[in-house]
Amino acid sequence: MSYLHDPADALPAETSQLWEHNARWWQEAFTEGADPEYEEQIVPMLEAELARLRPSCLLDIGCGEGQLCRVAARVGAEGAPVGAGAAGLGAGTVPLRVVGLDPTLAQLEVAAQRQVPGLPVGLVRGEAASLPFPDGCFDVALACLVFEHIEGADQAISEVGRVLRPGGAFLLFLNHPLLQAPGSGWVDDQILGEQYWRIGPYLVEHHSVEEVAKDVWIPFVHRPLSSYLNAMAAAGLYVTAMHEPAPPGGFLARAGEYAEAAAFPRLAFLRAEKLAVPDRSAPPPRGVARPTGAGGPWAAPTGPGPQ
Ligand SMILES: C[S@@+](CC[C@H](N)C(=O)[O-])C[C@H]1O[C@@H](n2cnc3c(N)ncnc32)[C@H](O)[C@@H]1O
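Brief notes about unusual backbone geometry
Point 1. Phi at E32 takes a positive value of approximately 55°, unusual for a residue other than glycine.
Point 2. For R54, which is not glycine, the phi torsion reads 50° and is therefore positive.
Point 3. Within the secondary structure, R54 sits in the loop between α2 (36-53) and β1 (57-61).

This is the structure:
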């Protein structure tokens, strides 16, 4: 299958179907304990965030086969560990109500099969750029390794701002936009005797379909970090934490070629919290109209509430 495409242009609509074809690749290689970056890094980071925030209602955008929904439901059911609470969003209501949203049926079907008895997760088919929920109905919105695969991230972040309640938190996990920009990687120049991390053309938005494993083609959209931050600012989401963790030991043990580059993060995490009053000095993101009138930026409720 060939994906000849100008990387400056948005991806053709049919590429969104690639997740239907390749859901099993994700389910087998990155879930249920198969991937050290989830097991040693992403899951513990999420657990720590949830222990701190103690939400009562969480939306997982692009939930895939639901692994992080299940983590959230378990943490919510276990209650907040000792030491959490002062900075929390809610009263630590348990059980935490968790909703996973994904456009890919092949992911939602497996998410339904993998539900844990007693820890139900609501599953909704939908797109990040058009969340089928009313304004202000979630304490936490989570998106893990999703926004770098989709067009319309500005609109999706605007939607996050709309569905979060004031004071709610957005937890965003990304492939590190700077250090993992297309064309980046470790260079071991044996002629000049130099080793360094090369950074690809970071500032250039780049839309591509990559073969990530044999015959597995996945859409990617690279954008600079400022693109995400400015979209958050425009959505009334202000950053309260950023982490750039080193690749975990389990990953380095598998990816020997990465060992010398262990000081270069693969993951970027941002926590942003929704302002009670939006910052009107922030520029509106491309394609998203600046809100006007009494309805405010979080107007236009859509569809039914979380299931
Ligand atoms: C790399 S997987 C991550 C899944 C999950 N967040 C996790 O951490 O296991 C990306 C997911 O994004 C979903 N996705 C693709 N396009 C999307 C869109 N427009 N809105 C929301 N999710 C989307 C895919 O179906 C896929 O399940």
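Structural notes on the pairing of strand β8 (residues 206-213)
Point 1. Where β8 and strand β9 (residues 216-222) come together, seven bridges link them in antiparallel fashion. Following the sheet pairing, A213 is matched in β9 by V216.
Point 2. Between β8 and β9, which follow one another and run antiparallel, lie two residues, and D215 among them has a positive phi close to 65°.

Considering the sheet that holds strand β5 (residues 164-175)
Point 1. Spatially, seven strands are ordered β3-β2-β1-β4-β5-β11-β10 in an open sheet, and the strand pairing comes out mixed. Lying at the two open borders of the sheet, with one neighbouring strand each, are β3 (122-125) and β10 (237-243). The average undirected angle you get between the axes of adjacent strands in this sheet is 20°.
Point 2. Two strands pair when backbone bridges link them, and β5 and strand β11 (residues 267-274) are joined in this way by seven bridges, in the antiparallel orientation. If you follow L174 over to β11, its bridge partner there is A268.
Point 3. On the sheet, helix α4 (residues 105-113) packs against β2 (97-102) and β3 and is oriented at approximately 170° with respect to β3.

A closer look at the nonpolar core
Buried together is how nonpolar side chains tend to be arranged in soluble globular proteins.
Point 1. Counting residues in hydrophobic clusters, the biggest one holds 59 residues, and the most contacted among them are L58, L59, A72, A141, L142, V160 and F170.
Point 2. Sorting elements by how many residues they give to this core places β5 first, with seven residues.
Point 3. Beyond its immediate sequence surroundings of up to four residues, L142 is in contact with L58, L59, D60, I61, L68 and L171.

What to know about the site of the ligand
Point 1. In the neighbourhood of the ligand, 20 residues make up the surrounding shell, with G62, G64, T104, A128 and C144 lying closest.
Point 2. Of all the secondary-structure elements, those providing two or more residues to the shell around the ligand are α1 (18-30) and α3 (67-78).
Point 3. Residues belonging to the shell around the ligand are distributed by class as follows: eleven nonpolar, seven polar and two charged.

Examining the environment of R70
Point 1. Following the sequence through the fold, R70 ends up in helix α3.
Point 2. Remark: the alpha-carbon pair of R70 and V98, spanning 28 residues in sequence, is separated by 8.4 Å.
Point 3. Discounting chain neighbours no more than four positions away, the residues touching R70 are R114, V116, L119 and V121.

Looking at the pairing of β2
Point 1. The buried fraction of β2 amounts to six of the six residues, a majority that puts the element mostly inside the structure.
Point 2. Along β2, one buried face is formed by R97, V99 and L101 and the opposite face, lined by V98, G100 and D102, is buried too.
Point 3. Pairing between β1 and β2: five bridges, direction parallel. Looking at β2, one finds that L58 is bridged to V98.
Point 4. In this structure, β2 lies alongside β3, joined through four bridges in parallel fashion. If you follow D102 over to β3, its bridge partner there is R125.

Quick notes on the environment of G122
Point 1. Relative to the assigned elements, G122 resides in strand β3.
Point 2. By C-beta crowding, G122 is classed as partly exposed, having 16 other C-beta atoms within 10 Å.
Point 3. When the C-alpha atoms of G122 and L101 are compared, they prove to be 8.4 Å apart, with 21 residues separating the residues in sequence.

Here we look at the packing of α1 against α4
Point 1. For the pair α1 and α4, the least separation of the axes is 7 Å and the interaxial angle reads 40°. By the angle between their axes, α1 is oblique relative to α4. In this structure, α1 uses W19, E20, A23 and Q27 to contact α4, whose residues at the interface are L105, A106, Q107 and V110.
Point 2. Among the residues making up the contact of α1 with α4, the classes are represented as five nonpolar, two polar and one charged.

Brief notes about the confidence of the model for the chain
Point 1. Looking at the chain, the pLDDT average stands at 87 and 84% of residues meet or exceed 70.
Point 2. Scored below 50 in pLDDT, residues 290-307 makes 29 contacts in the model with residues more than four places away or belonging to other chains.

Cut-offs applied
Residues numbered from 1 in each chain as written. Predicted model: local features only at pLDDT ≥ 70, side-chain atom pairs only at ≥ 80, totals over all residues. Helix = DSSP H or I, 4+ residues; strand = E, 2+ residues; numbered from the N terminus. Pairing = 2+ DSSP bridges. Axes fitted to C-alpha atoms, helices over the stretch in contact; angles between N-to-C directions. Contact = placed C-beta atoms within 7 Å. Core = buried A, V, L, I, M, F, W, Y, C linked by C-beta atoms within 7 Å. Buried ≥ 20, exposed ≤ 12 C-beta atoms within 10 Å, placed from the backbone. Near = placed C-beta within 6 Å. Nonpolar A, V, L, I, M, F, W, Y, C, P; charged D, E, K, R; others polar. Parallel < 35°, antiparallel > 145°, perpendicular 65-115°, else oblique. pLDDT = per-residue confidence, 0-100.

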